[in-house]
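Survey of secondary and tertiary structure
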Amino acid sequence: MKLTIFNGSPRGKKSNSKILIEQFVRGFTESEGNTYQILYLNRINDAENLARAFEEAECVLLATPLYTDAMPGLVKAFIETLEPYVGRTNNPPLGFIVQSGFPEAAHSRPLERYFEKLATRLDSPYLGTIVKGGVEGIQIQPEKMTRKLFDTFYRIGLHFGETGAFDQDLIQSLAKPERYPRWMGPIFKIFLKTKFGRFYWDSQLTKNGAYDDRFARPFV
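This one's a predicted model, so the numbers in the text were calculated from it and none came from an experiment. (Residues numbered from 1 in each chain as written. Predicted model: local features only at pLDDT ≥ 70, side-chain atom pairs only at ≥ 80, totals over all residues. Heavy atoms only, no water.)

Moving on, we get to unusual backbone geometry. The phi torsion of most residues other than glycine is negative, and most of the peptide bonds are trans. The peptide bond linking lysine 176 to proline 177 adopts the cis configuration, its omega dihedral lying at 5°. Tracing the chain through its elements places proline 177 in the loop between helix H6 (168-175) and helix H7 (184-192). For aspartate 123, which is not a glycine, the phi torsion comes out positive at approximately 60°. Looking at the element boundaries, aspartate 123 is found in the loop between helix H4 (109-121) and strand S5 (126-132). Relative accessible area serves as the criterion here: at 55%, aspartate 123 is assigned to the exposed category. (Helix = DSSP H or I, 4+ residues; strand = E, 2+ residues; numbered from the N terminus. Buried < 20%, exposed > 50% of the residue type's maximum accessible area, 1.4 Å probe, protein only.)

Right, dumping it as structure tokens:
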């Protein structure tokens, strides 16, 4: 099988999406003869070549982060370039990965439904959507904290490389929790007021020179 992978993260090669893709293809390439290529949608000047890659693909996997319950604009822009292929015969099968910093899978379900509808509109066989929350921060977490996550993506890729299908049991297990119980809401609010709860996001704000403006309300 030849797999064409589109990484839809604006962070490109420095993204969490790339890390999860790497674990997936580690399993995928266990099957002899399986090959893949990874293309980055943040290379917006290559829009024509990216669309051509879809046209020539045997099978497609699109990975994207969830940005406030939606896809990044560059993913939407890429999808719009696929309009000429609507109704074309032999469009490639489509599978998706949606990862987010939100811990609950429920945040990603609207985008999952969108991608299923997209496959239908393109008349592409829909392979399914791998949903995983709580991903933000994996680049700084120790190996013991990411081992289970990476192993699951490896096993999904391994199964896909052998069968051409996603292992639905693994996908359902990976997506948990779907929602946290309501009683955990107040606990999260208290946790996020602590220095430890704010550490990662405060470090990102500082890194990008935005810490002093973290309470800005430009649209008010």
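After that view of the structure, there is still more to cover.
Bringing the environment of alanine 165 into the picture now. With respect to the element layout, alanine 165 can be found in the loop between helix H5 (143-163) and H6. For alanine 165, a relative accessible area of 33% translates into the label partly exposed. Sequence spacing of alanine 165 and leucine 127 is 38 residues, and the spatial spacing of their C-alpha atoms is 6.4 Å. Sequence-distant contacts of alanine 165, defined by excluding residues within four places in its chain, comprise His159 and Phe160. (Contact = heavy atoms within 4.5 Å.)

According to the stated counting rule, one finds nine aromatic pairs in the structure shown. Taken together, a centroid distance of 6.3 Å and an interplanar angle of 90° make the contact between phenylalanine 24 and phenylalanine 166 edge-to-face. Of the two residues, phenylalanine 24 is situated in helix H1 (residues 16-28) and phenylalanine 166 in the loop between H5 and H6; the sequence distance between them amounts to 142 residues. Note on phenylalanine 24: relative accessible area 0%, which makes it buried. The exposure class of phenylalanine 166 is buried, given its relative accessible area of 5%. (Phe/Tyr/Trp six-rings, centres within 6.5 Å; stacked < 30°, edge-to-face > 60°.)

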